[in-house]
Amino acid sequence: MRILKCVVAALLLTDPALAVAQEQSDAARDLLQQLHEADPSEARKVEREIALDWLRSGSPAMDLLLTRGQDALEAGEIDTAVGHFSALVDHAPEFAEGWHRRATAYYRQEEFGLALSDLGRTLTLNPDHFNALFGLAVILETLDRPEAAYRAYTRVLDVYPTHERALEAEDRLRASATGRRI
């Protein structure tokens, strides 16, 4: 549990501007700016474009590992998915999406500490990875850390202001915080 607390603290206290971020293409930066300014219907289209950009590792072999891991995850073969994603992060440690996908697999196994660790690596490589931020918030909420979850949902909204589930979660946590400081 102590390691989990340290991971959570490091994730929430890391200044995204100081993180060692993966190089984002000009197109990705433009898309993130569009996402930040878009209305909800346009934001969903931009979100899909960003997700496609983040799926490109630059290596056909790594893309194949990502695809195989995702296929296994969707088939409910979580251990197989973890294996593929582990091979991916071993061979392409600077590819943020590999870490994010493995975090998702760990979350499905209820290995929250491992998932948090991989989300931390994802966010170090790509501080604007709103899906990783959302995953972090969900795990923190699952672990009954509403204040930390609220901060993570708020960070999602800093990047993606119309993220529906983050908006709902932020409202829910704010409403349930009567008597607590969030």
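Up top is the structure.
Anyway, here's the lowdown on the structure attached to this text.

Side note on the overall build of the protein
Phase 1 of the analysis: Of regular secondary structure, the protein possesses 10 helices and 0 strands.
Phase 2 of the analysis: Order of helices (α) and strands (β) in the protein, N terminus to C terminus: α-α-α-α-α-α-α-α-α-α.
Phase 3 of the analysis: A total of 182 residues make up the protein; the buried ones form 43% of that total.
Phase 4 of the analysis: Looking at the protein alone, contacts between residues at least 24 apart form 56% of all its contacts between residues at least 6 apart.
Phase 5 of the analysis: Just so you have it, the protein exposes about 9,800 Å², and 52% of that area is on carbon and sulfur atoms.

Some remarks on the packing of aromatic side chains
Phase 1 of the analysis: Counted by the stated rule, this structure contains 4 aromatic pairs.
Phase 2 of the analysis: Residues Trp54 and Phe130 carry aromatic rings whose centres are separated by 5.2 Å and whose planes lie at 45° to one another, so their mutual orientation is tilted. Residue Trp54 is found in helix H3 (residues 40-54), and its partner Phe130 is found in helix H8 (residues 130-142); the two are separated by 76 residues along the sequence.
Phase 3 of the analysis: Residues Tyr107 and Phe112 carry aromatic rings whose centres are separated by 5.7 Å and whose planes lie at 50° to one another, so their mutual orientation is tilted.
Phase 4 of the analysis: Classification of Phe112 as buried rests on a relative accessible area of 17%.
Phase 5 of the analysis: Here the aromatic residues Trp54, Phe130 and Tyr160 are joined through ring pairs into a cluster of three or more.

Some words on unusual backbone geometry
Leave glycine aside and you will find that most residues have negative phi; peptide bonds, for their part, are mostly trans.
Phase 1 of the analysis: Positioned with a positive phi, Glu110 is a non-glycine residue whose angle comes to about 60°.
Phase 2 of the analysis: Residue placement: Glu110 occurs in the loop between helix H6 (96-108) and helix H7 (112-125).
Phase 3 of the analysis: On the accessibility criterion, Glu110 (59% relative accessible area) is exposed.
Phase 4 of the analysis: Even without glycine at this site, Asp144 takes up a positive phi of about 60°.
Phase 5 of the analysis: Within the element layout of this structure, Asp144 appears in the loop between H8 and helix H9 (146-159).

Quick notes on the pattern of salt bridges
Close approach of charged atoms lets side chains of opposite charge pair.
Phase 1 of the analysis: The final tally for this structure, using the stated rule, is 9 salt bridges.
Phase 2 of the analysis: With a shortest N-O distance of 2.7 Å, Glu141 and Arg172 are connected by a salt bridge. Within this pair, whereas Glu141 is found in helix H8, its partner Arg172 is found in helix H10 (residues 164-176), the two being separated by 31 residues in sequence.
Phase 3 of the analysis: Note on Arg172: relative accessible area 42%, which makes it partly exposed.
Phase 4 of the analysis: Its salt-bridge partner being Arg174, residue Glu170 comes within 3.5 Å of it at the nearest N-O pair.

Focus: the side chain of Thr122
Phase 1 of the analysis: Of note, Thr122 is situated in helix H7.
Phase 2 of the analysis: Setting aside its immediate chain neighbours within four residues, Thr122 contacts Ala96, Trp99, His100, His129 and Ala132.

Thoughts on the packing of helix H2 (residues 26-37) against H3
Phase 1 of the analysis: Look at H2 against H3: their axes get within 9 Å of each other, and the N-to-C directions meet at 155°. The angle between the axes of H2 and H3 places the two elements in the roughly antiparallel class. Between H2 and H3 lies a crossing whose hand is left-handed. From H2, Ala28, Leu31, Leu32, Gln34 and Leu35 reach across to H3, where they touch Ala43, Val46, Glu47, Glu49, Ile50, Asp53 and Trp54.

Concerning H2
Phase 1 of the analysis: In this model H2 runs 17 Å from its N-terminal to its C-terminal C-alpha over 12 residues, within 8% of the 16 Å that 1.5 Å per residue would give.
Phase 2 of the analysis: Turning to H2, its buried residues number three or more, namely Ala28, Leu31, Leu32 and Leu35. Looking straight down H2, one finds that the buried residues subtend no more than 100° of arc, so they occupy a single side. With respect to the buried face of H2, the exposed residues turned more than 90 degrees away are Asp26 and Glu37.
Phase 3 of the analysis: Buried residues along H2 sit in contact with H3, H8 and H9.

Parameters and conventions
- Residues numbered from 1 in each chain as written.
- Predicted model: local features only at pLDDT ≥ 70, side-chain atom pairs only at ≥ 80, totals over all residues.
- Heavy atoms only, no water.
- Helix = DSSP H or I, 4+ residues; strand = E, 2+ residues; numbered from the N terminus.
- Buried < 20%, exposed > 50% of the residue type's maximum accessible area, 1.4 Å probe, protein only.
- Contact = heavy atoms within 4.5 Å.
- Areas by Shrake-Rupley, 256 points an atom, 1.4 Å probe, with all protein chains shown as cover.
- Phe/Tyr/Trp six-rings, centres within 6.5 Å; stacked < 30°, edge-to-face > 60°.
- Salt bridge = Lys/Arg side-chain N within 4 Å of Asp/Glu carboxyl O.
- Axes fitted to C-alpha atoms, helices over the stretch in contact; angles between N-to-C directions.
- Parallel < 35°, antiparallel > 145°, perpendicular 65-115°, else oblique.
- Left-handed = near helix turned anticlockwise from the far one by under 90°.
- Expected span 1.5 Å × (residues − 1).
- Arc of directions from axis to C-beta.

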